[in-house]
Structure formats: structure tokens, C-alpha cells
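The residues making up each chain are set out below.
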Amino acid sequence: MTRLNYPYLKPKDTAALIRSESFGSDASNLVVQLTDEEGNPFLIRSPISPKEISKLHSLFLDSNLVVNFRPEHRFLVALSERGFIIGGLFYEMNDEQTVHMEKIVISTRYRKTGISENLMNEFLKRLKSEHIRYVTTDSSGRNIFTSSDLR
């Protein structure tokens, strides 16, 4: 069932759809398990509670990255094998074809292990499966990925 909704997933990929009560309503959440460069597994999914968003916010602050989360922001988080938030990113929809990605962060302990690259790749794959054509990365709109850039 998961692969029908997310055709970019390969048969060897470990993924599942989970149902959770997220922010007052039932929601399906794609969870993908990947491994870092050292062979350690980690998960990528959307946060399932305000507490997880708060932990992501703390991670940004611990990395000296000032962020202001707003209600229109969407999030993608990386979790350790034990379920701790170890990284994440946030973005917002500009229109039906364009997303603006704000910032990405990885916990100091997990940096230089390939988690940020995997997180970005998963983010871009999800956007492509939703038929998003453009991703901007700065406030001027100059840094734009197009759908052909999305792997």
C-alpha cells in the first residue's frame, strides 16, 4: 500500500504508513528507515506532536540558528533508532507548484554521517511525488530547484 502512494520508494526501501492523531486529527504519516554512512539506522517522517516540533526548535537553537516557526510551516524530522529527534527541516507551500524551504539542522553528534543529505533527498522525493515543481531556498527566490533537479 505504501509504494502505491509513494512510487519513488524502491522494493528494498523500508517504509511504512502509520496512523497517528496529529494536531487534533487523524493523519497518515510516511515513515522511511534509512542508514547513515556508519550503517546506523534512522527514521524520517513528519512530526506527530507539538512536543516533537518543540524538540526540533530546540535543536535549531542549540545550533545557533534562529528560527520562528509559524502555523503555515510544515516539518520533516530525522529520528535516531531510539526515537530521539536528531535533525529536521521546515518549509512552507508558496503555491500549488512551489515550496519554500527555510532551514535544515542536524544534531552535532550526528553531523558528517550523511543524515542531512538523506533528509534532503527524502524531502525532495516527497515533493516530487506531490507534483511540486519548484523549491526556493532564500527569501529573494533566486535559489530555485526545478522538478528536473528533484531526484
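Residues numbered from 1 in each chain as written. Predicted model: local features only at pLDDT ≥ 70, side-chain atom pairs only at ≥ 80, totals over all residues. Heavy atoms only, no water.

### Quick word on the pattern of salt bridges
Part 1: As enumerated under the stated definition, the model contains 4 salt bridges in all.
Part 2: One salt bridge in this structure joins Arg126 and Glu122, with 2.8 Å as the shortest N-O distance. Here Arg126 pairs with Glu122, and both are found in helix α3 (residues 115-129), just 4 residues apart, close to one helical turn. Each member of the pair, Arg126 as well as Glu122, is classed as buried.
Part 3: Connected via shared salt-bridge partners are Arg70, Glu72 and Glu92. (Salt bridge = Lys/Arg side-chain N within 4 Å of Asp/Glu carboxyl O. Helix = DSSP H or I, 4+ residues; strand = E, 2+ residues; numbered from the N terminus. Buried < 20%, exposed > 50% of the residue type's maximum accessible area, 1.4 Å probe, protein only.)

### A word on the nonpolar core
Part 1: Core analysis: the largest hydrophobic core is formed by 21 residues, its most contacted members being Phe42, Leu89, Met101, Phe123 and Leu127.
Part 2: Those elements that place two or more of their residues in this core are β2 (25-35), β3 (41-45), β4 (74-80), β5 (85-93), β6 (98-106) and α3.
Part 3: At 6 residues, α3 tops the list of elements feeding residues into this core.
Part 4: Leaving out residues up to four positions away in the same chain, Phe123 has contacts with Leu76, Leu89, Tyr91, Val99, Met101 and Val135.
Part 5: Membership of the second largest hydrophobic core comes to 11 residues, among which are Leu79, Ile85, Phe90 and Val105. (Core = buried A, V, L, I, M, F, W, Y, C linked by side-chain atoms within 4.5 Å. Contact = heavy atoms within 4.5 Å.)

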